Amino acid sequence: MEQVFAPWRIDWVERSDKNEAFEDCVFCELPDHDDDRENHLLARGDCAYVLLNNYPYNPGHAMVIPHQHTGAYQDLDPDELLAVDRLLQRTLDAMDDAFAPDGYNVGYNLGGDAAGGSIDDHLHAHVVPRWSGDTNFMPVIGETNVIVEAVDDSYERLHDALAAQDGTTTLDEQSAVVIESSRE
Ligand SMILES: [Zn+2]
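Presented here is a report on the structure given in the accompanying data block.

Calculation criteria
Residues numbered from 1 in each chain as written. Predicted model: local features only at pLDDT ≥ 70, side-chain atom pairs only at ≥ 80, totals over all residues. Heavy atoms only, no water. Core = buried A, V, L, I, M, F, W, Y, C linked by side-chain atoms within 4.5 Å. Buried < 20%, exposed > 50% of the residue type's maximum accessible area, 1.4 Å probe, protein only. Helix = DSSP H or I, 4+ residues; strand = E, 2+ residues; numbered from the N terminus. Contact = heavy atoms within 4.5 Å. Donors = N, O, S within 2.8 Å, 3.2 Å for Na, K, Ca; no water. Tetrahedral: all angles 85-135°; square planar, octahedral: opposite > 155°, others 65-115°. 1 Å grid on protein atoms, 1.4 Å probe; cavity = no way out; pocket = protein on both sides within 12 Å on 5 of 7 lines; lining within 4 Å. Points joined across faces, edges and corners; volume = space filled by probe spheres on them. Nonpolar A, V, L, I, M, F, W, Y, C, P; charged D, E, K, R; others polar.

Details of the nonpolar core
So, step 1. Membership of the largest hydrophobic core comes to 24 residues, with the highest contact counts inside it found for Leu42, Val50, Leu52, Val64 and Leu158.
So, step 2. For this core, the secondary-structure elements that each account for two or more residues are β1 (41-44), β2 (48-52), β3 (62-66), α3 (78-99), β5 (125-130), α5 (144-163) and β7 (177-179).
So, step 3. By residue number, the principal contributor to this core is α3, which donates seven residues.
So, step 4. Not counting the four nearest positions on each side in its chain, Val50 is found in contact with His40, Leu41, Leu42, Ala43, Ala62, Met63, Val64, Leu87 and Thr91.
So, step 5. With twelve residues, the next largest nonpolar core counts Phe22, Leu30, Met63 and Ile65 among its residues.

What follows is the structure in structure tokens.
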């Protein structure tokens with residue numbers, strides 16, 4: 001039977017083992033929180049940031065998210081477009097180093113329910129590493145605590161890979177990698 005590939009249906013979901021309070025928009029508020037590692041925020045630039053998905057389709061499933069609160073791709077100005085795509089390139093480089101996958105799926109859900117996304121008012125580009133013959137990782141590994149451990153492990157590997165890139169600085173292991181503004 002052919003696998004239906006639908007990582008977009010697994011959007012960012014607040015972890016049930018946390019009491020993190022998000023008042024309005026999770027993607028606007030997350031970068032303002034201090035606990036990057038806990039929140040799985042990997043890298044932060046002036047215009048965009050990289051977040052791991054708490055419920056990954058595959059190990060390493062990440063999202064590149066512009067800071068601007070908009071659901072319309074057409075709202076991004078040229079600087080934001082460039083920043084998002086540069087961060088996407090950095091994310092792919094980091095994934096190559098961390099996981100050496102066979103391929104990637106990269107894409108947006110635009111337009112809410114019809115496109116399959118669950119957070120439709122704040123753009124986010126999914127980056128999903130793929131391996132030949134992979135199947136949806138979550139149903140395969142099942143238990144929530146196993147998934148949390150796997151995401152923590154992915155975080156560590158990608159954080160290290162991003163921190164090793166040119167044009168980045170890293171405060172400590174608890175903080176997201178900072179993309180120098182001229183190199184975003
Ligand atoms: Zn927002």
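Topic: the coordination of the zinc ion
Note on metal sites: the ideal angle is 109.5 degrees for four tetrahedral donors, and 90 or 180 degrees for six octahedral donors.
So, step 1. At 2.0 to 2.3 Å from the zinc ion lie its protein donor atoms, namely Cys25 (SG), Cys28 (SG), His69 (ND1) and His122 (ND1).
So, step 2. For the zinc ion, the four donor atoms are set out with angles of 103 to 119° between them, so the coordination reads as tetrahedral.
So, step 3. When the donors of the zinc ion are listed by position in the chain, the intervening gaps give C-x2-C-x40-H-x52-H. With Cys28 in helix α1 (residues 26-29) and His122 in the loop between β4 (103-107) and β5, the pair connects residues that are 94 residues apart, well separated along the chain.
So, step 4. For Cys28, a relative accessible area of 27% translates into the label partly exposed.
So, step 5. For His122, a relative accessible area of 1% gives the class buried.

Re empty space enclosed by the protein
So, step 1. This model, assessed by the stated rule, comprises two cavities of 30 Å³ or more.
So, step 2. What the second largest cavity holds in volume is close to 30 Å³.
So, step 3. If you trace the second largest cavity, you find it lined by Leu52, Asn53, Pro56, Asn58, Pro59, Gly60, His61, Phe137, Ala150, Val151 and Ser154.
So, step 4. When residues in the lining of the second largest cavity are grouped by element, the largest group, three residues, is from α5.
So, step 5. For the lining of the second largest cavity, the residue count by class is six nonpolar, five polar and no charged.

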